[in-house]
Amino acid sequence: MGQRQEEIMERMKGAVARNPFAGYIGMELLEAGEGYARGRIPFCAQHRNIYGGMHGGCAYTLADTLAGVAAASFGGSVTTLQASVNYMEPVADTAYLYATATVQRHGAKITVVHAELTDDNGRLFIDGSFTFYTLDMRVE
């Protein structure tokens, strides 16, 4: 891992650590670099819906947060403008739900990110597209 990637990883780990809701659901940042983030949450009883799968809002939180990490990896603070997710299969039968977020376009103010949520074996459950606005302020 290069110096720049290590700096991004440390900065983004700090951002996730300061996010109370991410902590509440047990989110871990596994990797971060310029335009990229990967993390996970455990699939535990508190994350279940009435059908026994993971609640869609919990899965969405992982996708939105990791997409935001990827968008913010360029140095700015971001906020979600728009998001669209496709719930293709119920999240079940996995110890963790993983999210991989990759920036598709980064501009001065607008960043578009693609996210995929998978199980322990790489099976795709959810994908999404997120659009972020870069704020004039910086959160450290």
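Since we're looking at a predicted model, the values are computed, not measured.

Caption draft 1: Examining the overall build of the chain more closely. The number of helices and strands found in the chain is three helices and six strands. Against the globule reference of 14 Å for 140 residues, the chain gives a C-alpha radius of gyration of 14 Å, in line with a compact fold. Considered along the principal axes of its C-alpha atoms, the chain spans approximately 40 × 25 × 25 Å. A total of about 7,300 Å² of accessible surface is found on the chain, and carbon and sulfur atoms cover 52% of it. When the 11 basic and 15 acidic side-chain charges of the chain are each reduced to a single mean position, those positions are 5 Å apart.

Caption draft 2: Up close: the pattern of salt bridges. Under the defined criterion, the tally for this structure stands at five salt bridges. If you follow the salt bridges from partner to partner, you end up with Glu89, Asp119 and Arg123 in one network.

Caption draft 3: Up close: the sheet that holds strand E1 (residues 28–33). Reading across from one edge, E1-E2-E4-E5-E6-E3 is the order of the six strands in this open sheet, with antiparallel pairing throughout. The sheet is open, and its two edges are formed by E1 and strand E3 (78–87), each paired on a single side. On average, adjacent strands in this sheet sit at an angle of 20° to one another, irrespective of strand direction. Pairing between strand E5 (residues 110–118) and strand E6 (residues 124–134): nine bridges, direction antiparallel. By the bridge assignment, Val112 is partnered in E6 with Thr131.

Cut-offs and rules
Residues numbered from 1 in each chain as written. Predicted model: local features only at pLDDT ≥ 70, side-chain atom pairs only at ≥ 80, totals over all residues. Heavy atoms only, no water. Helix = DSSP H or I, 4+ residues; strand = E, 2+ residues; numbered from the N terminus. Rg over C-alpha atoms; globule rule 2.2 N^0.38 Å. Areas by Shrake-Rupley, 256 points an atom, 1.4 Å probe, with all protein chains shown as cover. Lys, Arg positive; Asp, Glu negative; His and termini not counted. Charge placed at Lys NZ, Arg CZ, Asp CG, Glu CD. Salt bridge = Lys/Arg side-chain N within 4 Å of Asp/Glu carboxyl O. Pairing = 2+ DSSP bridges. Axes fitted to C-alpha atoms, helices over the stretch in contact; angles between N-to-C directions.

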